[in-house]
Amino acid sequence: MVIGSLEVHLRIEGCRSLKDKRHVLRPLIERLRRELHVSVAEVGDQDLWNVATVGVACVAQDRTLATQVLQRAMALIDECADVRVEGSVEDYC
């Protein structure tokens, strides 16, 4: 069993308030959960309205499968027009 985690640092374009930030992040987080069956949460920068740190975690039978799931998560995040990825970190245990 392998646990894969992904920490993604995002810049949210056009946000002027925390409400705007939630309006962008909520659908993105729900889409990741629904399509990939992963755990997702905003794990940092909760008080800042134009940036976010999102954590994604998955459990898989081997590292190859965990890597594929996390790569698909990054692809879905990249597809979101309202956010720009500023950095990411993958980890496995």
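Scope of this entry: the structure provided in the associated data block. (Residues numbered from 1 in each chain as written. Predicted model: local features only at pLDDT ≥ 70, side-chain atom pairs only at ≥ 80, totals over all residues. Heavy atoms only, no water.)

**Looking at the overall build of the chain**
Applied cut-off: Secondary structure elements follow DSSP: runs of H or I of four or more residues count as helices, runs of E of two or more count as strands, with numbering from the N terminus. C-alpha atoms define the radius of gyration in this analysis, and the globule rule sets the expected value at 2.2 Å times the number of residues to the power 0.38.
The number of helices and strands found in the chain is 2 helices and 4 strands. For the chain, the succession of helices and strands along the chain, N to C, is β-α-β-β-α-β. Whereas a compact globule of 93 residues would reach a radius of gyration of roughly 12 Å, the chain reaches 13 Å, a difference of no more than 12%. Viewed in the frame of its principal axes, the chain has a C-alpha envelope of about 40 × 20 × 15 Å.

**Some words on helix 1 (residues 18-36)**
This is how the line gets drawn: In this analysis, the expected span of each helix is defined as 1.5 Å times one less than the number of residues it contains. Two residues qualify as a contact provided that any one of their heavy atoms is within 4.5 Å of a heavy atom in the partner residue.
The end-to-end C-alpha separation of helix 1 is 26 Å, in line with the 27 Å expected for 19 residues at 1.5 Å each. Against the buried residues of helix 1 lie strand 1 (2-12), strand 2 (39-44), strand 3 (51-60), helix 2 (63-79) and strand 4 (83-92). Immediately downstream of helix 1, the backbone of His 37 shows phi near 55°, a positive value.

**Regarding the sheet that holds strand 2**
Here is the rule we go by: Pairing between strands is defined by DSSP: at least two bridges between the two strands are required. To get an axis, a line is fitted to the C-alpha atoms, and for a helix only the part in contact is used. The angle between two axes follows their N-to-C directions and goes from 0 to 180 degrees.
Taken in spatial order, the 4 strands make up an open sheet running 2-3-1-4, and their pairing is antiparallel. Taken across any chain shown, the strands that pair with only one partner, and hence form the sheet edges, are strand 2 and strand 4. Ignoring which end each strand starts from, the neighbouring axes of this sheet average 25° apart. Taken together, the 10 bridges between strand 1 and strand 3 define a ladder with antiparallel strand orientation. Paired with Val 8 across the two strands is Val 54, which belongs to strand 3. Packing of helix 1 onto the sheet brings it into contact with strand 1, strand 2, strand 3 and strand 4, and relative to strand 2 it is tilted by some 150°.

**Thoughts on the side chain of Thr 53**
This is how it is decided: Using a 1.4 Å probe on the protein chains alone, a residue whose accessible area is under 20% of its type maximum counts as buried, one over 50% counts as exposed, and one in between counts as partly exposed. Counting of polar contacts relies on pairs of N or O atoms within 3.5 Å, with two restrictions inside protein: one atom must be capable of donating a hydrogen and the other of accepting it, and residues adjacent in sequence are counted only when both atoms are side-chain atoms.
Among the structural elements, Thr 53 can be located in strand 3. Overall, Thr 53 belongs to the buried group, its relative accessible area being 6%. Side-chain polar atoms of Thr 53 contact the side chain of Asp 45, separated by 2.8 Å.

**With respect to the pairing of strand 1**
Of the two faces of strand 1, the one lined by Val 2, Gly 4, Leu 6, Val 8, Leu 10 and Ile 12 is fully buried and the one lined by Ile 3, Ser 5, Glu 7, His 9 and Arg 11 carries no buried residue. As paired strands, strand 1 and strand 4 are joined by 9 bridges and run antiparallel to one another. Note on strand 4: the bridge partner recorded for His 9 is Gly 87.

**Describing the pattern of salt bridges**
As a reminder of what qualifies: Salt bridges are defined as contacts in which a side-chain nitrogen from Lys or Arg sits within 4 Å of a carboxyl oxygen from Asp or Glu.
Per the stated rule, a full pass over the model turns up 8 salt bridges. Ionic pairing is found between Glu 42 and Lys 21, a salt bridge with its closest N-O pair at 2.8 Å. Here Glu 42 is found in strand 2, whereas its partner Lys 21 is found in helix 1, with 21 residues between them in sequence. Accessibility expressed as a relative area gives 26% for Glu 42, which makes it partly exposed. The exposure class of Lys 21 is buried, given its relative accessible area of 3%. Two residues, Glu 79 and Arg 31, come together in a salt bridge whose shortest N-O distance is 3.1 Å. With Glu 79 in helix 2 and Arg 31 in helix 1, the pair connects residues that are 48 residues apart, well separated along the chain. Sharing partners across several salt bridges, the network here consists of Arg 11, Glu 13, Arg 84 and Glu 86.

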